[in-house]
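Reading the structure
Now for the letters of each chain:
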Amino acid sequence: MEIYKGLASPMLDRLDSETSHVIVREALHFAETFPGGLKIIEQFAYKRKRFLDPKLRVQVCGIEFDNPLVMGAGWDKEGRAVKGLWRLGVAGVEAGGVPEYPQEGNPRPRQFVVAPGVIIQRLGFNSSGMNKVARNLSRYERCGIPIGIQVTENRDVASSDTPEDHAKACVAVTQKMYHIASWFTLGLSSPNTPGMRRLQGKRWLAPIVSAVFGAMEDMGGRKPLFVKIAPDLTWEELDEVIEVASAYRAGIVASNTTTNPDIKAKYGERWRYERGGLSGDDSDFRAMSTRQIAYICRATGNGLPVMGAGGIKDTPTALEKIMAGALPLQIVSAIRGEGLTVFGRINRGIVEFMDREGVKSLKELVGVEANIHSVA
Ligand SMILES: Cc1cc2nc3c(=O)[nH]c(=O)nc-3n(C[C@H](O)[C@H](O)[C@H](O)COP(=O)(O)O)c2cc1C
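For the structure on display, the rule yields 4 aromatic pairs. Relative to Trp 183, the ring of Phe 65 has its centre 5.7 Å away and its plane inclined at 65 degrees; by these criteria the two rings are edge-to-face. Placement of Phe 65 in strand E2 (residues 63-65) and of Trp 183 in strand E8 (residues 183-186) is noted, with a sequence separation of 118 residues between them. Trp 183 matches Phe 65 in its accessibility class, with the two residues each being buried. A cation sits over an aromatic face here: Lys 223 above Tyr 178, 4.4 Å from the ring centre.

Before going further, it helps to spend a moment on the site of the ligand. Near the ligand, the surroundings consist of 22 residues, among which Ala 73, Gln 150, Lys 228, Gly 311 and Ser 333 are the closest. Within the backbone of Gly 97, a nitrogen or oxygen atom sits 3.2 Å from an oxygen atom of the ligand. At 2.7 Å from an oxygen atom of the ligand is found a main-chain nitrogen or oxygen belonging to Gly 311. Protein burial of the ligand: of its 600 Å² of free accessible surface, 97% is covered by the chains. Contributions of two or more residues to the shell around the ligand are made by strand E4 (92-98) and strand E11 (277-280). Considering only residue class, the shell around the ligand consists of 6 nonpolar, 14 polar and 2 charged.

One closed barrel holds the 8 strands; their spatial order is E3-E4-E7-E8-E9-E10-E12-E13, and the pairing between them is parallel. The average angle at which neighbouring strand axes cross in this sheet is 30 degrees, direction not considered. Pairing of strand E12 (residues 306-309) with strand E13 (residues 329-331), which is carried by 2 bridges, proceeds in the parallel orientation. Within the sheet, the bridge partner assigned to Ala 309 lies in E13 and is Gln 330.

Moving on: the side chain of Thr 317. With respect to the helices and strands, the residue Thr 317 is situated in helix H12 (residues 315-324). Since its relative accessible area comes to 8%, Thr 317 is described here as buried.

Further remarks concern the environment of Pro 163. Mapped onto the secondary structure, Pro 163 falls in helix H7 (residues 163-177). Residue class for Pro 163 comes out buried when judged on its relative accessible area of 14%. C-alpha of Pro 163 to C-alpha of Leu 329: the two residues are 166 residues apart in sequence and 30 Å apart in space. Discounting residues that sit within four places of it in the chain, Pro 163 has contacts with Arg 203, Trp 204 and Pro 207.

With that settled, consider the sheet that holds strand E5 (residues 111-115). Two strands in a sheet stick together by hydrogen bonds in their backbones, pointing the same way (parallel) or opposite ways (antiparallel). An order of E5-E6-E11 is seen for the 3 strands of this open sheet, with the pairing classed as antiparallel. One side of each edge strand has no neighbouring strand; the edge strands of this open sheet are E5 and E11. Between one strand axis and the next, the sheet turns through 30 degrees on average, direction left out of account. Direction of pairing for E5 relative to strand E6 (residues 118-121): antiparallel, over a ladder of 4 bridges. From the neighbouring strand, Phe 112 faces E6, where its bridge partner is Ile 120.

With that out of the way, let us pick up the packing of helix H5 (residues 129-137) against H7. At a closest axis distance of 10 Å, the pairing of H5 and H7 adopts a crossing angle of 20 degrees. One finds that H5 runs roughly parallel with respect to H7. The way H5 lies across H7 gives a crossing that is right-handed. Each of Met 130, Asn 131, Val 133, Ala 134 and Leu 137 in H5 lies in contact with H7, whose residues at this interface are Ala 172, Val 173, Lys 176 and Met 177. Within the contact of H5 with H7, the residues separate by chemical class into 7 nonpolar, 1 polar and 1 charged.

It is worth spelling out the pattern of salt bridges at this point. All chains considered together, the criterion is met by 24 salt bridges. Salt-bridge contacts for Arg 108 lead to Glu 18; the nearest nitrogen and oxygen are separated by 3.4 Å. In this pair, Arg 108 is assigned in the loop between E4 and E5 and Glu 18 in helix H2 (residues 17-32), connecting sequence segments 90 residues apart. Note on Arg 108: relative accessible area 47%, which makes it partly exposed. Look at Glu 18 and you get buried, because its relative accessible area is 5%. Linking Lys 313 and Asp 281 is a salt bridge whose minimum nitrogen-to-oxygen distance equals 3.2 Å. With Lys 313 in the loop between E12 and H12 and Asp 281 in the loop between E11 and helix H11 (283-300), this residue pair connects regions lying 32 residues apart in the sequence. Judged by its relative accessible area of 22%, Lys 313 is partly exposed. Residue classification places Asp 281 among the partly exposed residues on the basis of a relative accessible area of 27%. Bridged by salt links that share partners, the residues Asp 16, Glu 18, Arg 108 and Arg 110 form one connected network.

Bringing the side chain of Glu 78 into the picture now. With respect to the helices and strands, the residue Glu 78 is situated in the loop between strand E3 (69-71) and helix H4 (82-88). Of the side chains with opposite charge, Lys 132 lies nearest to the buried Glu 78, which makes no salt bridge, at 5.1 Å. A polar contact of 2.3 Å, which involves the side chain of Glu 78, links it to the side chain of Ser 128. Once residues within four sequence positions are removed from consideration, Glu 78 is found in contact with Arg 25, Asn 126, Ser 127, Ser 128, Lys 132, Val 133 and Asn 136.

Rules of the game
Residues numbered from 1 in each chain as written. Predicted model: local features only at pLDDT ≥ 70, side-chain atom pairs only at ≥ 80, totals over all residues. Heavy atoms only, no water. Phe/Tyr/Trp six-rings, centres within 6.5 Å; stacked < 30°, edge-to-face > 60°. Helix = DSSP H or I, 4+ residues; strand = E, 2+ residues; numbered from the N terminus. Buried < 20%, exposed > 50% of the residue type's maximum accessible area, 1.4 Å probe, protein only. Lys NZ or Arg CZ within 6 Å of the ring centre and 35° of its normal. Near = heavy atom within 4 Å. Polar contact = N/O pair within 3.5 Å; in protein donor to acceptor, adjacent residues only side chain to side chain. Areas by Shrake-Rupley, 256 points an atom, 1.4 Å probe, with all protein chains shown as cover. Nonpolar A, V, L, I, M, F, W, Y, C, P; charged D, E, K, R; others polar. Pairing = 2+ DSSP bridges. Axes fitted to C-alpha atoms, helices over the stretch in contact; angles between N-to-C directions. Contact = heavy atoms within 4.5 Å. Parallel < 35°, antiparallel > 145°, perpendicular 65-115°, else oblique. Left-handed = near helix turned anticlockwise from the far one by under 90°. Salt bridge = Lys/Arg side-chain N within 4 Å of Asp/Glu carboxyl O. Lys, Arg positive; Asp, Glu negative; His and termini not counted.

Take a look at the structure:
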């Protein structure tokens, strides 16, 4: 029996969703801190061993990932469980979102499991701020695990009207985390900070991206930068993000959680107008992010690096995102719905698929089905 799904998960299901998430994260953190702890964590991985196969290696923007799965932003906001997550099978971790200063986020309860593997949350970037997160992550320097930093803004900055204020806040976090980050992501697409999603518009985004790249150049050179987008963008709004990303040679993470009321209401009318974004195992949500990835791939001739996120829970849903045009992939909600073995199981399935189809490298698959995902 899978230890986590069989024993731990039913107990965690009785708790508030955020509480159970924090318990699992802190258990990984605790295990990391004593000798032999990482070996114990590995017992919870698929087949009790970190799954590895050289075929799974991918290089994206110069970053070497030993498999295509990355822990997406929001699961390890504080950067406390990077090695533990790696032992469970991810190739890297996107820590954060990290704002400049500590902030509480929205009042609790603010994270809800509305169906198995489907989450609605409105955390609102609860964080102990960049200084503390940098200290947490300093434990992982030189450990060789690719760490992404999701840069975000404090709530008061997000409501500001001047692009300079936004650029300043993002630059501060970029500078503080520069030495730790293998890549940066601009986390400005959260529905849970008032006014934030408008920052995906060209007028705001271009000066922010330009300032963040400028800060990196001052610190020693550019590192890869991704812009994370909301799945609810119109195609015209997505065009603006593509234009900015192409102009500055940034990548895109597609996508964040959806605020679509009809999708939320599938889990009961009471969720329709409940504040927060939905993620995880919902077919409509999954299709939204897959369509965005395919659109970006078509619009740029597969020319922009895209990380795929949204409802990935098994090998077919992972392959769907890769074939739409994304690599690597980010996973968040499935760790709750599918358990801690999810990474190894997906990777194992991908290797089986590659063997069956004679695929030598994952890069061969990127975007091969971009044309079949319509914009409708
Ligand atoms: C508990 C939770 C916290 C999240 N926090 C963040 C965050 O801080 N920044 C962000 O850009 N996205 C955040 N997200 C969105 C995820 O990174 C991801 O884009 C989204 O959940 C879709 O992936 P999934 O279906 O695998 O969960 C969060 C999601 C969840 C469930």
